[in-house]
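Fold and contact review
This is what each chain is made of:
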Amino acid sequence: MTLSVSGLSTERSGRIILHPTSLSIEPSARIGLVGPSGSGKSTLGHALIDDLHRQGRIVAHVPQSPDEALDPLRTMRFHWHEAEAALGLPHDAPRQQQLFSALGIAHGDLRKRPWGWSRGMQQRFVIAMALIGSPELIVLDEPTSALDPVVAADSMDLLDRFLSGRQTAMILITHDLALAAQRVSQLMVMDNGCLVEQASTSALLNTPKTKAAKALSAHRNWMPHPC
Amino acid sequence: MIRSILSLLLRALVVVSGASIVTFILLWNAPGDPALAIAMARYHQVVSADVLDQVRNEVGLDAGFWSAFKAWIGPLLAGDFGKSTVTDREVWPELVTAMSYTFPLAMLALVCGMCVALPLAILATKHPGSVLDRAAIGMASLGAAIPPYWLGLLLILLFAVYLDWLPAMGALSTTHMVLPALTLGLGVTASLTRIIRSGILDAREQAFLPAFRRRCVLSRNIGRDHIAPHATIPVITVFGLELAFLLEGLVMVEVIFGRPGLGSFLVNAIEARDFPKVQAVVLLTALVFVVINLIIDVIYQVIDPRIGEHDA
Amino acid sequence: MLNVDNISVRRGKSPALQDISLTIEKGKTLAVVGESGAGKSTLIASILGMLKPWCGTITWSGSPVRTCRPALVMQEPRAAFNPAWLLKQSVLEPVIARQSNLPPKRLKRLCAGLELTPDLLNRKPTEISIGQAQRMGILRALIAAPPLILFDEPLSALDAVTQKHTARLIAHLQAEEGFAALIVTHDLGYACAHSEEIAVLKSGRIEEVSTPQDFIASPKTKYGRKLRDAAVSLGALERAA
C-alpha cells in the first residue's frame, strides 16, 4: 500500500525549518533524500515518521550513529525485547535469529551492553531492530557517516540484500549524492527546508534542474576536477 | 573481580586508618593543656598543680607522643576502644548507647527526606519552569540556605514554646525525635530535591532518547528504564558527598535538642580532651563514610560498569 | 622534508604504532587512510611531539620536527576554536606565539584564497557556518607559513559539496605556499583526488604505500582491496577501467 503524507511542516523557535511538504512512497521504493547540511533532510525524515505513526503505519528509523539509538546502560537483549514490546509483538526467537543472521550479527553476545559490541555491529543491530515488525518504510539517516567505510559498505550491502524482494520501502537520507546514487532509484533534493526536486536517479545525475541539484551533481565525484 | 574487591578494601583501610591517625596528631597538638581540660571535666573545679601532674601521669600525657600513640593504637588493633580518660569507663558501651540515639534520627531524616524529595523532583520535572517546579527550586534553595541551628531554634520556639505540642529537649520518647528529625529533614529534602531534579533533567537530554520515542516505546517505560538509571548516577555521586553535611548537621541538631547521641558525645569528649572517645567517633564516622562509598561503588558497577574501569 | 623513520609508539602497554616509516617532500601531500583505531590520530600526535616514540626518529630536513613548527587542522571545526574569542584572535595566535611578523596583506590574501570575507574574523566560532569554520581553521594553520601542515579528518564534518570545495581551496593554497601536507582521512575518494601518495594504516602498521592511480587500479594487500571496494560501493570512488 502506498504511503502518503501531506502538508508536513516544522517550525523551531519561530523559524520555519521545513516548509509544507507532501509526498507519497510506493512499496519497495528506494528513495534518496539528499541536500546540503542544514537543508532540513533529517527534519523531513522525522516529521515523515511521526506523521506515518499517527496514521497507524509501521515505520522504522535508523539514526545516524548507534550512540543515538542505543542506551549504553542497557543490554542488547533489553533493547531487543523493548523494541518488540513497543510494537505489541511477543518475543519471537526465530525471527530474531533470522534478522541477526541476515545482518551478520548472529554471533553477538546479547548480554553485553552496546559498548561491548563494535560500532559496526551496533549499527547492524539497530537496523535489525528496525526491521522487527516488517515495517512498510525504513528511514536511514546518514547511515554511513559515523562508521568506517568498510563497515558502512558491509552494513548497506546486507540491508540491501535483506530488503530485496520485500515490500519495505527505504529512504536514505544523506548529504552525499554519490552514495545515494549507488543505492537508490529515486532522488529527492532538499534545499532550505523545501523539497525542490524529485526525479529518478539517472535523470537527476544527468539533467539536474534546480540550483541545489546542479551543485550536488557537479560535486558528486572526487576525481579530476579542473580548477 | 577479586582484585577489584581487594583494592576497594585496601582503599577503605587507608581512609579509616589515615583519618584516625591524623585526628590523633591534631588532638595531641591542639592548643591548651589537655591535663587541665581532663581535670576540669573530672572534678568540675580548679585543681592544684599536683593534681594536674597526677592526671598527666595517669593518662600518659607526660610519656610523650609516641608512647601515647602506641598505648592508643595497640589495644585498638585488638578491637578495644579503651577507657575514657575522664570517667575511666569503657568507651565502647557508651558509644553504642550514643549510636542508638543517633542512627534512628539520621535514618528518619534520610527516609523522610527521600520520601518527599523523590516525588517532588519527579513532579517538578514533569513541566520544567512551571509553578510547581519553581516552588520546588525555591524550597530547595531555602532549605539549603537555612542553617540547622537556626531552624532548630525556630522550631523549638514555635512547637515547644508557643504551641506546646512537642517536647523541645531530651530523648525520652519517640515524640522527642520529631523536632530534630524535622530540622535535619528539611536540609536533606532540600539538597536531595535539587540533586534529583537536575539528575532527571540532565538524563532527559540524552541523545538516544528521541530514537526510543520514534521506536514507539511508551514514555512511561522510557522514564523507568532509561531516564531513571541515567539520573541515578549523578544522584548517588552527589549523595555520597552530601553525607558529610548531614553528619555535620546531626552534631549541631543533637547539641541543640539536648539528645545524648553521637553529636553530644563528640562535643563533650572534645571539650574534655577525652582522647579515646574522640578517636572512637572519628573511627566510626570514617567507617560509615567508607561503607557508604563502597555501596555507591557497587551501585555504579551494577548500573554502569564503565565507571571506574580505568581506575588504578 | 618530513622524515618519519621506523617509529614505534606505545599507548599504555599495547603498541599503537609499529615500525612506521614515511617521507613527505616539500609541497607534496601524503594521505593516511585506515579504519578508526588503526593509529591515525596517534601518528599525528607523534609527529606533533605530543607522544614520544619509544624507538625511531621523526625529523624535518634533518632537525627535530618541532623546530619547523608544524600546524594542525582538526576534525571538528567549531570545537577547535576558543568559543569566547573572536576568530581574529584565534587566527592570529600562531603569529603572536611565534613572535614573528605578519607580512602586510598576507591575512587578506589568505582570506581571499579561502573565500572568507574579512568581516567574518570579527565573529565568534558559533556565529559562522561549519564550512566557514573549517576554512578558518585552515587559515589559522597557514597564517604563520609553516612548512608542514597536518590535517586530521579535515572534511568529515562537512557536507559533500562543501567537502569538495574546501579540498580544492586547500590544493590551491598548497600550490601557492608550498607546504608539505599529511592528511589523515577515512575517505578514500578525497585521499585519491588530493594526494601524491596513499599510505594504508591498519592496526598500527603500514600495510602499503602507493600512488592513488596504482591503489585504485590494484591494491597490493587484502585490506587495501576491501577499503577500495567499500569506497566504490559507497560512491566515493569510481573504479578505474
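Per-chain numbering applies: the sequence of each chain, read as written, is numbered from 1 onward. Key to labels: chains lettered from A, ligands numbered from 1, both in the order written. A pLDDT threshold of at least 70 governs which residues receive local features in this predicted model, and a stricter bar of 80 or more applies before side-chain atom pairs are shown or counted, although totals over entire chains, interfaces and linings include all residues.

Before going further, it helps to examine the overall build of chain A. The helix and strand inventory of chain A stands at 8 helices and 8 strands. Here the C-alpha atoms of chain A give a radius of gyration of 18 Å, agreeing with the 17 Å that 2.2 N^0.38 yields for 227 residues. With the C-alpha coordinates of chain A rotated into their principal frame, the extents come out at 50 × 40 × 40 Å. Buried residues in chain A amount to 47% of all 227 residues. Any pair of residues counts as being in contact when their C-beta atoms, constructed from backbone geometry, are within 7 Å of one another. Of all intrachain contacts in chain A linking residues separated by at least 6 positions in sequence, the fraction that spans at least 24 positions is 68%. Strands are runs of DSSP state E lasting at least two residues, helices are runs of H or I lasting at least four, and both sets are numbered from the N terminus onward. Two things to know: the radius of gyration comes from C-alpha atoms, and the globule rule equals 2.2 Å times the number of residues to the power 0.38. Remark: C-beta atoms are placed from the backbone, and a residue is labelled buried if 20 or more other C-beta atoms sit within 10 Å of its own, exposed if 12 or fewer do, or partly exposed between those counts.

Attention shifts here to the interface of chain B and chain A. The partner chain A presents 16 residues to the 14 residues of chain B that form the contact. Of the residues forming the side of chain B that touches chain A, the biggest block, 4 residues, is contributed by helix α10 (residues 219-256) of chain B.

Residues and elements named next belong to chain C. All the domain ranges listed were derived from an automatic or database domain assignment. According to the domain assignment, chain C consists of domain 1 (1-70 + 147-241) and domain 2 (78-145). Here the C-alpha centre of domain 2 lies 24 Å away from the C-alpha centre of domain 1. In this complex, domain 1 contributes 12 residues to the contact, which on the side of domain 2 involves 12 residues. At 7 residues, helix α5 (residues 160-177) tops the list of elements feeding residues into the side of domain 1 that touches domain 2.

For the rest of this paragraph, the subject is the sheet that holds strand β6 (residues 169-174) of chain A. Residue and element names in this part refer to chain A. Between any two strands, pairing holds if DSSP finds at least two bridges. The 6 strands are arranged β4-β5-β6-β3-β7-β8 in an open sheet whose pairing can be described as mixed. The open sheet has two edge strands, β4 (59-62) and β8 (194-200), and neither has a second partner. On average, each strand axis in the sheet is inclined to that of its neighbour by 20°, with strand direction left out of account. Two elements, strand β5 (residues 137-141) and β6, share 5 bridges in a ladder whose sense is parallel. Residue leucine 140 lies in a different strand from β6, and its bridge partner there is leucine 172. Fitting a line to C-alpha atoms yields each axis, with helices limited to the stretch in contact; the angle taken between N-to-C directions then spans 0 to 180 degrees.

Here we take up the packing of helix α5 (residues 149-163) of chain A against helix α8 (residues 222-233) of chain C. Axis separation between α5 of chain A and α8 of chain C bottoms out at 8 Å; the angle between their running directions is 55°. Comparing their axes, α8 of chain C and α5 of chain A come out oblique. Note that α5 of chain A runs across α8 of chain C; the crossing there is left-handed. Residues Pro149, Val150, Ala153 and Asp157 of chain A of α5 of chain A lie in contact with α8 of chain C, whose contacting residues are Lys226, Leu227, Ala230, Ala231 and Ser233 of chain C. Nonpolar residues are Ala, Val, Leu, Ile, Met, Phe, Trp, Tyr, Cys and Pro. Charged residues are Asp, Glu, Lys and Arg, and all others, Gly as well, are polar. The class makeup of the residues in the contact of α5 of chain A with α8 of chain C is 6 nonpolar, 1 polar and 2 charged. For classification purposes, an angle smaller than 35 degrees is called roughly parallel, one larger than 145 roughly antiparallel, one from 65 to 115 roughly perpendicular, and anything else oblique. Helix crossings get a hand from a simple test, with the near helix turned counterclockwise from the far one by less than a right angle marking a left-handed crossing and a clockwise turn marking a right-handed one.

Residues and elements named next belong to chain C. One non-glycine residue, serine 61, lies in positive phi territory at about 45°. Checked against the element boundaries, serine 61 lands in the loop between β4 (55-60) and β5 (63-64). The backbone of serine 203 shows a phi angle near 45°, a positive value even though the residue is not glycine. Structurally, serine 203 can be placed in the loop between β9 (197-202) and β10 (205-210).

All names here are of chain C. The buried count for strand β3 (residues 29-33) comes to 5 of 5 residues, which makes it a mostly enclosed element. Neither face of β3 is exposed, since Thr29, Ala31 and Val33 on one face and Leu30 and Val32 on the opposite face are all buried. Two strands pair when backbone bridges link them, and β3 and strand β8 (residues 180-185) are joined in this way by 5 bridges, in the parallel orientation. Residue pairing in the sheet places leucine 30 in a bridge with leucine 182 of β8.

Our focus in this paragraph is the packing of helix α5 (residues 91-126) of chain B against helix α6 (residues 131-145) of chain B. Residue and element names in this part refer to chain B. Relative orientation of the contacting elements α5 and α6 amounts to 140°, with a least axis distance of 7 Å. It follows that α5 is oblique to α6 by the angle criterion. The handedness of the crossing between α5 and α6 is left-handed. Within the contact between the two elements, α5 uses Leu120, Ala121, Leu123 and Ala124 and α6 uses Leu132, Asp133 and Ala136. Residues of the contact of α5 with α6, tallied by class, amount to 6 nonpolar, no polar and 1 charged.

So, on to the interface of chain A and chain C. Listed by partner, the interface residues are 25 residues for chain A and 23 residues for chain C. Of all the secondary-structure elements, those providing two or more residues to the side of chain A that touches chain C are α5, α6 (177-183) and α8 (211-218) of chain A. For the side of chain A that touches chain C, the residue count by class is 14 nonpolar, 7 polar and 4 charged.

The next thing to look at is the pairing of strand β2 (residues 15-25) of chain A. Residues and elements named next belong to chain A. Across 7 bridges, strand β1 (residues 3-12) lies against β2 in antiparallel orientation. Considered in β2, the bridge of arginine 12 is made with arginine 15. The turn linking β1 back onto β2 is made up of 2 residues, and serine 13 within it adopts a positive phi angle of 40°.

The structure contains 2 pairs of chains in contact, of which chains A and C account for the largest number of contacts. Nowhere do chain B and chain C come into contact; their C-alpha atoms are at least 11 Å apart.

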